[in-house]
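Residue-level structural notes
What follows is the residue order along each chain.
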Amino acid sequence: MSLSTNKMFYVSWEAFHRATKELAHQLLGKEYNAIVAVSRGGLVPAAILARELNIRVVDSICVASYEHDKQGSLRILKDASLQDDKQLLIVDDLVDTGETAKALREHFPKACFVTVYAKPQGKPLVDHYITDIEQDTWIQLPWDMELAYSKPLADK
């Protein structure tokens, strides 16, 4: 999907934090002892989940499948040092087409895979998520935006 779609979903820092804490509530009581954040989108929710679930071991796997707004083939740029385990939590911000999720499922078949947002094509691949997003909607996450002055309507 590219930014040419006219459907946009804007997420503030506060909304993202609130949704990630809601995800932490879903995971409470389960025995996770480590997190692998999917870089880059999974780094922020992984930090929030690590705090809320009191998980001290956090690693990352660095993957690339997007060049700004165009999805291409998945490449693992840096692998996680943690081994697959049922107490391992794999964290990403979003599951979209499911291509990244499929690769991560093959890489970590025992782990629990969670995202904050899920689109229909990728949703079956995650164990827990918070918010449904339509497949043809582009999500603008807070680290991809900056605040800017907006002229009053009368001045436009």
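Sequence order sets the numbering: in each chain, residues are counted from 1 along the sequence as written. In keeping with the model being predicted, local features are shown solely for residues with a pLDDT of at least 70 and side-chain atom pairs are shown and tallied solely at 80 or more, while totals for entire chains, interfaces and linings include all residues. Hydrogens and water molecules were not included; the side-chain quantities draw on all heavy atoms of the structure.

Quick word on the packing of aromatic side chains
Here is the rule: rings of Phe, Tyr and Trp (six-membered ring for Trp) pair when centre to centre is within 6.5 Å. Planes less than 30 degrees apart are stacked, more than 60 are edge-to-face, and the remainder are tilted. Taken as a whole and judged by the stated rule, the model has four aromatic pairs. Geometrically, the ring pair formed by Trp-13 and Trp-143 is tilted, given 5.8 Å between the ring centres and 55° between the ring planes. In this pair, Trp-13 sits in helix H1 (residues 13-27) while Trp-143 sits in the segment after strand E8 (138-140), placing the two residues 130 residues apart along the sequence. Relative to Trp-143, the ring of Phe-16 has its centre 5.0 Å away and its plane inclined at 85°; by these criteria the two rings are edge-to-face. Remark: Trp-143 occurs in the segment after E8 and Phe-16 occurs in helix H1; sequence separation between them is 127 residues. Here's how the labels work: a residue is buried when its accessible area is under 20% of the maximum for its type, exposed when over 50%, partly exposed in between, all with a 1.4 Å probe on protein chains only. Residue classification places Phe-16 among the buried positions, given a relative accessible area of 1%. Judged by relative accessible area, Trp-143 falls into the partly exposed class, the value being 29%. Here the aromatic residues Phe-9, Trp-13, Phe-16, Tyr-117 and Trp-143 are joined through ring pairs into a cluster of three or more. Runs of H or I in DSSP of at least four residues are treated as helices and runs of E of at least two as strands, each being numbered from the N terminus.

Observations concerning unusual backbone geometry
Keep in mind that most residues, glycine aside, have a negative phi and that most peptide bonds are trans. Residue Arg-40 is reached from Ser-39 by a cis peptide bond, and omega for that bond is 15°. With phi around 55°, Asn-54 is a residue other than glycine that occupies positive phi space. Tracing the sequence through the fold places Asn-54 in the loop between helix H2 (43-52) and strand E3 (58-67). Its relative accessible area of 56% is what places Asn-54 among the exposed residues.

Looking at H1
Under the 1.5 Å per step criterion, the end-to-end length of H1 is 21 Å for 15 residues, consistent within 8% with the ideal 21 Å. Three or more residues of H1 are buried, namely Phe-16, Ala-19, Thr-20, Leu-23, Ala-24 and Leu-27. What you see down the axis of H1 is that its buried residues fit within an arc of 150°, all on one side. Exposed side chains of H1 directed beyond 90 degrees from the buried face belong to Glu-14 and His-25. Packed against the buried residues of H1 are H2, strand E5 (88-95) and strand E6 (112-118). Note on H1: the residue one or two positions beyond its end, Gly-29, has a positive phi of about 90°. Take the number of residues in a helix, subtract one, and multiply by 1.5 Å to get its expected span. Starting at the helix axis, one direction is taken to each C-beta atom, and the arc is that of these directions. The criterion used for residue contact is that any of the two residues' heavy atoms lie within 4.5 Å.

Regarding the UniProt feature "binding site: 5-phospho-alpha-D-ribose 1-diphosphate" (unreviewed entry) in the chain
UniProt positions are given in the numbering used here, feature names are shortened, and annotations may be inferred rather than shown by experiment. As annotated by UniProt and renumbered to match this structure, "binding site: 5-phospho-alpha-D-ribose 1-diphosphate" (unreviewed entry) occupies Arg-40, Gly-41, Asp-92, Asp-93, Leu-94, Val-95, Asp-96, Thr-97, Gly-98, Glu-99 and Thr-100. With respect to the helices, strands and loops of the structure, Gly-41 is situated in the loop between strand E2 (34-39) and H2. Among all residues touching Gly-41, those that are not within four sequence positions of it are Asp-92, Asp-93 and Trp-143. Take Gly-98: it is sitting in the loop between E5 and helix H3 (99-107). When sequence neighbours within four positions are dropped, the list of residues in contact with Gly-98 reads Gly-122 and Leu-125.

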